[in-house]
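# Structural features, examined
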Amino acid sequence: MAYMSTHTYARCTVCGQTLSRTLEFKNRYYCDVHYGLFYQNTRPLWRASILTFGFLVAALLGFAIGNQLAPERFRDTVQSGTGIFIAILPALIWIISLYRIGAQTQFQLSPLPITIFVLGALLSAAVTRPFLYNIVNLDIWIGSTTASNRLMGNILLNGFTHTFTLYAIIRYIAWDSPAFMRRTDGVMFALAASWGYASLINILYVIDLGEITLLNGSLRLITQLCIFLTTGLILGYFIGRNRFEDAPVYHLSVGLIMAATVNGFMLYASSALNSTSLSLTQSGFSPWPGLALSMGGLALTFSTVRGLMQRQNALTQAKLEQIA
Ligand SMILES: [Zn+2]
């Protein structure tokens, strides 16, 4: 409800300026400028994301065809330099097209997604990786335990560590920033963090191995990427909603738990599905089932989050117009 208030101490949720005239929506106060903005759509976000997902599908077809046609030595050995290029390229395409589309459509974007992207990459290398692999020794434990333990370990250790790191970046860098002025900005920031975070996981994977195979290696990079983008989308949805309305206290916790569970489950399932049983006595490896799961999960989550956000925004707009 919008009303004139006598609160002289109320501050705008977005820019923090002290308000003499208070506009309110679900217990959050706004100045005149930001009251009309929070339910607007961050248009370049959806377009840049669809463009980059299209590129991922095209790259996938390229790797599959290349694997059929390329001479054996190219199929078996992709040098680490090329591998690193494959690992970072999708993220660069996303971030460059985000700003290009923004410039073309005269939609002003702050530099904050770039900062968050870089921080995501740094924390992935400097915090979660040493924690999970040098302190907890998760990879060694996961390699030698039962399937149900692997699932639980992936959710409770991998999923929660990754998700809380991504959440912490946005909570401490973006939450109080005046650049966070729309619900959909929450999704943009969470995706920016996830792109940086996942790209660095992939780069370190390539560096660890020294070289990757053309098909299996590249498909693994795309699988990991899709899992972290799915996590980012879920997280971004809950962060975007919570910043602009007084939700019940459990609302954000539910979002975090959901994002962490999906992350851990997809990490577990994509790897379990790839170890296919060919027959009773033979087992083999195929990179396709895990990739299908993670790409399908990403596509489903993207359309759900986009649909929910647009519906919420339309409802809010209708409500505010009714009041005005
Ligand atoms: Zn304001």
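Cut-off values and rules
- Residues numbered from 1 in each chain as written.
- Predicted model: local features only at pLDDT ≥ 70, side-chain atom pairs only at ≥ 80, totals over all residues.
- Heavy atoms only, no water.
- Helix = DSSP H or I, 4+ residues; strand = E, 2+ residues; numbered from the N terminus.
- Rg over C-alpha atoms; globule rule 2.2 N^0.38 Å.
- Buried < 20%, exposed > 50% of the residue type's maximum accessible area, 1.4 Å probe, protein only.
- Contact = heavy atoms within 4.5 Å.
- Areas by Shrake-Rupley, 256 points an atom, 1.4 Å probe, with all protein chains shown as cover.
- Lys, Arg positive; Asp, Glu negative; His and termini not counted.
- Charge placed at Lys NZ, Arg CZ, Asp CG, Glu CD.
- Donors = N, O, S within 2.8 Å, 3.2 Å for Na, K, Ca; no water.
- Domains from an automatic or database assignment.
- Buried area = accessible area lost by both parts, 1.4 Å probe.
- Salt bridge = Lys/Arg side-chain N within 4 Å of Asp/Glu carboxyl O.
- Axes fitted to C-alpha atoms, helices over the stretch in contact; angles between N-to-C directions.
- Parallel < 35°, antiparallel > 145°, perpendicular 65-115°, else oblique.
- Left-handed = near helix turned anticlockwise from the far one by under 90°.
- Core = buried A, V, L, I, M, F, W, Y, C linked by side-chain atoms within 4.5 Å.
- Patch = residues over 30% accessible without salt bridge, like charges linked within 9 Å, V, L, I, M, F, W, Y side chains within 5 Å.
- Nonpolar A, V, L, I, M, F, W, Y, C, P; charged D, E, K, R; others polar.
- Expected span 1.5 Å × (residues − 1).

Right, let's talk about the overall build of the chain for a bit. Looking only at helices and strands, the chain has 11 helices and six strands in total. Expected size for 324 residues packed as a compact globule is a radius of gyration near 20 Å; at 22 Å, the chain falls within 12% of this value. A buried classification covers 49% of the 324 residues belonging to the chain. In the chain, once contacts between residues fewer than 6 apart in sequence are set aside, the share between residues at least 24 apart is 73%. Roughly 15,300 Å² of accessible area belongs to the chain as shown, and the carbon and sulfur atoms make up 63% of that amount. Distance between charge centres in the chain, computed from 20 positive and 12 negative side chains, equals 6 Å.

Before going further, it helps to examine the environment of Thr-115. Along the polypeptide, Thr-115 turns up in helix H5 (residues 112-135). The spatial distance from the C-alpha of Thr-115 to the C-alpha of Val-249 is 29 Å, given a sequence separation of 134 residues.

Turning next to the coordination of the zinc ion. Looking at the zinc ion, one finds its protein donor set to be Cys-12 (SG), Cys-15 (SG), Cys-31 (SG) and His-34 (ND1), positioned 2.1 to 2.3 Å from the metal centre. Here the donor residues of the zinc ion are spaced in sequence according to C-x2-C-x15-C-x2-H. Placement of the pair is Cys-15 in the segment before strand S1 (23-25) and His-34 in helix H1 (residues 32-35), with a sequence separation of 19 residues. Its relative accessible area of 30% is what places Cys-15 among the partly exposed residues. In this structure His-34 comes out as buried when scored by relative accessible area, which is 10%.

This part is about the domain arrangement of the chain. Domain annotation for the chain reports domain 1 (1-35) and domain 2 (40-323). With centres defined by C-alpha atoms, the gap from domain 1 to domain 2 works out at 35 Å. Each partner contributes to the interface: domain 1 provides 12 residues, whereas domain 2 provides 14 residues. Buried area between domain 1 and domain 2, summed over both chains or domains, comes out near 1,200 Å², and the portion from carbon and sulfur atoms is 58%. For the domain 1 face of the interface with domain 2, the top three residues by lost area are Val-14, Phe-25 and Arg-28, together amounting to 46%. Taken together, the connections running from domain 1 to domain 2 amount to two salt bridges.

Before going further, it helps to spend a moment on the packing of H5 against helix H8 (residues 183-209). Look at H5 against H8: their axes get within 7 Å of each other, and the N-to-C directions meet at 45 degrees. Compared by their axis directions, H5 and H8 come out oblique. For the pair H5 and H8, the sense of crossing is right-handed. Within the contact between the two elements, H5 uses Leu-112, Pro-113, Ile-116, Phe-117, Gly-120, Ala-121, Ser-124, Ala-125, Thr-128 and Arg-129 and H8 uses Met-188, Phe-189, Ala-192, Ala-193, Trp-195, Gly-196, Tyr-197, Leu-200, Ile-201, Leu-204 and Asp-208.

Looking now at the pattern of salt bridges. Inspection of every chain in the model, using the stated rule, returns seven salt bridges. In this structure, the salt-bridge partner of Asp-32 is Arg-21, at a minimum N-O distance of 2.9 Å. Pair noted here: Asp-32 is in helix H1 and Arg-21 is in the segment before S1, with a separation of 11 residues, a long-range link. On the basis of relative accessible area, Arg-21 is assigned to the partly exposed category, the value being 36%. Several salt bridges share partner residues, and in doing so they unite Lys-26, Arg-183, Arg-241 and Glu-245 into one network.

Trp-94 and Trp-195 are the most contacted members of the largest nonpolar core, which totals 84 residues. The element contributing the most residues to this core is helix H9 (residues 214-243), with 16 residues. The residue makeup of this core includes at least three contributed by each of domain 1 (1-35) and domain 2 (40-323). Contacts of Trp-94, omitting those with residues within four sequence positions, involve Leu-45, Ala-48, Ser-49, Thr-52, Met-188, Leu-191, Ala-192 and Trp-195.

Among the surface-exposed residues, Val-57, Leu-61, Ile-65 and Leu-69 lie close enough to one another that they form a single nonpolar patch of about 420 Å² accessible area. Residue position: Val-57 is located in helix H2 (residues 43-69).

The axes of two packed helices give the description: the angle between them and the distance between them. Where H8 meets H9, the closest approach of the two axes is 7 Å, and the angle between their N-to-C directions is 155 degrees. Judged by the angle between their axes, H8 and H9 are roughly antiparallel. Both H8 and H9 take part in a crossing whose hand is right-handed. Taken together, the residues of the contact of H8 with H9 sort by class into 16 nonpolar, eight polar and two charged.

Here we come to unusual backbone geometry. A negative phi angle is the norm for most residues apart from glycine, just as the trans form is the norm for most peptide bonds. At Lys-26, a residue that is not glycine, the phi angle is positive and equals roughly 45 degrees. Within the element layout of this structure, Lys-26 appears in the loop between S1 and strand S2 (28-30). Here the phi dihedral of Asn-137 falls at roughly 55 degrees; this positive angle occurs in a residue that is not glycine. Checked against the element boundaries, Asn-137 lands in the loop between H5 and helix H6 (138-144).

Looking now at H8. In this model, H8 (27 residues) spans 40 Å end to end at C-alpha, consistent with the 39 Å of a helix rising 1.5 Å per residue. Judged by how many residues are buried, H8 sits mostly within the fold: 22 of 27 residues are covered. Just beyond H8, the residue with positive phi is Gly-210, at close to 85 degrees.

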